[in-house]
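Listed here are the chains, written in short residue letters.
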Amino acid sequence: MGVSLREELIWKIKSTPNRAISFRQYMEIALYHPRWGYYQKETDKLGKSGDFFTNAHVGRLFGQVLSRFFGNWLDEYGSLTDWTIVEMGAGDGRIAEQFGQGLVEMGISPDKVSFYLVETSPYHQRLQKERLFASPVNYQLVHRLSDVPASPFSFIYSNELVDAFPVHRIKKEQGKLLEAYVTLSESKPYLRETWLPLPEDKWNRGKLGQWLMQLNEGSEMALCLAARDWLREIADWMEQGVLLTIDYGGLQEQLLQKQRTIRGFRGHQVCDEFYDTPGGMDLTYDVNFTHLIEWGLEAGLAPCQFLSQFQFLMNAGILNFLPAEPVRDPFGKEAKRIRAIKQLIHPETMGEVFRVLVQTKNLPLTKMNERG
């Protein structure tokens, strides 16, 4: 076994019959290896000192707006008295902290709140404990959804989680479908990409086959079967409730216009050299929401809304957080809040980059009523 992630990968590749592993395997190891994986290492990944920003780092508004959205569901189904909130992939706990604060501000007693954070990284769980220690809301930290007790009504949400699931990369070249693999090179970084023919009997039936056949010549598709499994897990666990998925990406027809939808991030810069520093950068892709919608339907999750982040936040009432009076101090809290709102909703920043998918289980509202 190796003494670094690169050596571990080289050993793994050499041990395979064709001396190659799929890109999906590479991405999973690079991100989630228990010792050297990007998300498992004890280094800052979020905010100014990390590699990327999320909605949670734009002021303290995002989770509070989510709490208002959740409150609207409670109002619509007024008979709900026993409910659970679950954040999947909770990171450093910022959104959960803001969400809980929003619930308290809405007049919900902290002892009535059942809030669970699902996170596999020990480092992130430690950050969550430090951040949420003094909160009046009792947060429970767990490693998997199955650790959360079942509830009559569940509100599950994630923010930039699905884009970090490992993906198969498929492209069409001269009319043939190929899959990305990682093999060995004689020079640094000793890992390189190769494309091997996709077997005719692999994913050539049903929806998967239809989606792959839509690929344009020379274009590439990120196929995230882990997202399908994730939706099945949630649907099997949930009795009744709402699933809210926030991520960047688009529908199938939009993503087909792109030549490639996967990228690396390091130091807030896009990095396309995926194999230079295994475990040293974030690997991420544009989420295909058509796939999430169809797989959700197969699992029993009905699509309710698919919106841009701008539309979602406007509907959820983000403008209610604007100061009531004109702002005179450009460096004060009110001015910062205005700038945060602009950052979250403006089409040239986050407003049109991120998409929000709302899916439900066993609720009367079963049709997607808005599309972005």
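What you see is a predicted model, and the numbers here were worked out from it, not measured in a lab.

## Considerations on the domain arrangement of the protein chain
In step 1: Taken domain by domain, the protein chain holds domain 1 (5-307) and domain 2 (308-359).
In step 2: For domain 1 and domain 2, the distance between their C-alpha centres works out to 24 Å.
In step 3: Every contact between the two is made by 34 residues of domain 1 and, on the other side, 22 residues of domain 2.
In step 4: At the junction of domain 1 and domain 2, the tally comes to zero salt bridges.
In step 5: Of all elements in the fold, only α3 (62-76), β10 (241-250), α9 (289-299) and β15 (302-308) reach the threshold of two or more residues within the side of domain 1 that touches domain 2.
In step 6: Classifying every residue of the side of domain 1 that touches domain 2 by side-chain character gives 22 nonpolar, nine polar and three charged.

## What about a nonpolar patch on the surface?
In step 1: Where nonpolar side chains cluster on the molecular surface, the patch consists of F310, M314, L319 and L322 and spans about 290 Å² of accessible area.
In step 2: Locating M314 in the fold gives a position in helix α10 (residues 309-316).

## Concerning the pairing of strand β13 (residues 282-285)
In step 1: Residues D282 and T284 of β13 are buried on one face, and the alternating residues L283 and Y285, pointing to the opposite face, are buried as well.
In step 2: Strand direction decides the pairing type here: strand β11 (residues 262-266) and β13, joined by four bridges, are antiparallel. Its bridge partner being in β13, R263 is matched across the sheet by T284.

## Here's the deal with the packing of aromatic side chains
In step 1: Counted under the stated rule, the structure contains 22 aromatic pairs.
In step 2: Among the aromatic residues, those joined into a ring-pair cluster are F69, F70, W73, W83, F99, F115, Y139, F155, Y157 and F312.
In step 3: Lying over the aromatic face of W195, K171 brings its terminal NZ or CZ to 4.5 Å of the ring centre.

## A few points about the packing of helix α1 (residues 5-14) against helix α2 (residues 23-32)
Angle between the axes and distance between the axes: these two values describe a pair of packed helices.
In step 1: At a closest axis distance of 11 Å, the pairing of α1 and α2 adopts a crossing angle of 150 degrees. On the basis of their axis angle, the class for α1 and α2 is roughly antiparallel. Handedness of the α1/α2 crossing: right-handed. Together, L5, L9 and K12 of α1 and Q25, Y26, I29 and A30 of α2 make up the contact between the two elements.

## Looking at the confidence of the model for the protein chain
In step 1: Per-residue pLDDT for the protein chain has a mean of 88; in total, 90% of the residues score no lower than 70.
In step 2: In the model, residues 366-372 has pLDDT below 50 throughout and makes 24 contacts with residues more than four positions away in sequence or in other chains.

## Re the sheet that holds β13
In step 1: Strand order in the open sheet made by the three strands is β12-β11-β13, with antiparallel pairing throughout. The open sheet has two edge strands with one neighbour each: β12 (269-271) and β13. Adjacent strand axes in the sheet meet at a mean angle of 40 degrees, parallel and antiparallel pairs treated alike.
In step 2: Where β11 meets β12, three bridges bridge the pair, whose relative direction is antiparallel. In the strand pairing of β12, G264 is matched with C271.
In step 3: Docked against the sheet, α2 engages β11 and β13, running at close to 135 degrees with respect to β13.

## Considerations on the pattern of salt bridges
In step 1: The full count for this structure, using the stated rule, is 17 salt bridges.
In step 2: In this structure, R68 engages E105 in a salt bridge whose closest nitrogen and oxygen atoms are separated by 3.6 Å. Of this pair, R68 sits in helix α3 while E105 sits in helix α4 (residues 94-105), and the two are 37 residues apart along the sequence.
In step 3: Given a relative accessible area of 44%, E105 falls into the partly exposed group.
In step 4: The partner of D286 in a salt bridge is K258, with the nearest N and O atoms 2.8 Å apart. Note that D286 is positioned in the loop between β13 and β14 (287-288) and K258 in the loop between α8 (252-255) and β11, a separation of 28 residues in sequence.

Here is what the cut-offs are and how they apply
Residues numbered from 1 in each chain as written. Predicted model: local features only at pLDDT ≥ 70, side-chain atom pairs only at ≥ 80, totals over all residues. Heavy atoms only, no water. Domains from an automatic or database assignment. Contact = heavy atoms within 4.5 Å. Salt bridge = Lys/Arg side-chain N within 4 Å of Asp/Glu carboxyl O. Helix = DSSP H or I, 4+ residues; strand = E, 2+ residues; numbered from the N terminus. Nonpolar A, V, L, I, M, F, W, Y, C, P; charged D, E, K, R; others polar. Patch = residues over 30% accessible without salt bridge, like charges linked within 9 Å, V, L, I, M, F, W, Y side chains within 5 Å. Areas by Shrake-Rupley, 256 points an atom, 1.4 Å probe, with all protein chains shown as cover. Buried < 20%, exposed > 50% of the residue type's maximum accessible area, 1.4 Å probe, protein only. Pairing = 2+ DSSP bridges. Phe/Tyr/Trp six-rings, centres within 6.5 Å; stacked < 30°, edge-to-face > 60°. Lys NZ or Arg CZ within 6 Å of the ring centre and 35° of its normal. Axes fitted to C-alpha atoms, helices over the stretch in contact; angles between N-to-C directions. Parallel < 35°, antiparallel > 145°, perpendicular 65-115°, else oblique. Left-handed = near helix turned anticlockwise from the far one by under 90°. pLDDT = per-residue confidence, 0-100.

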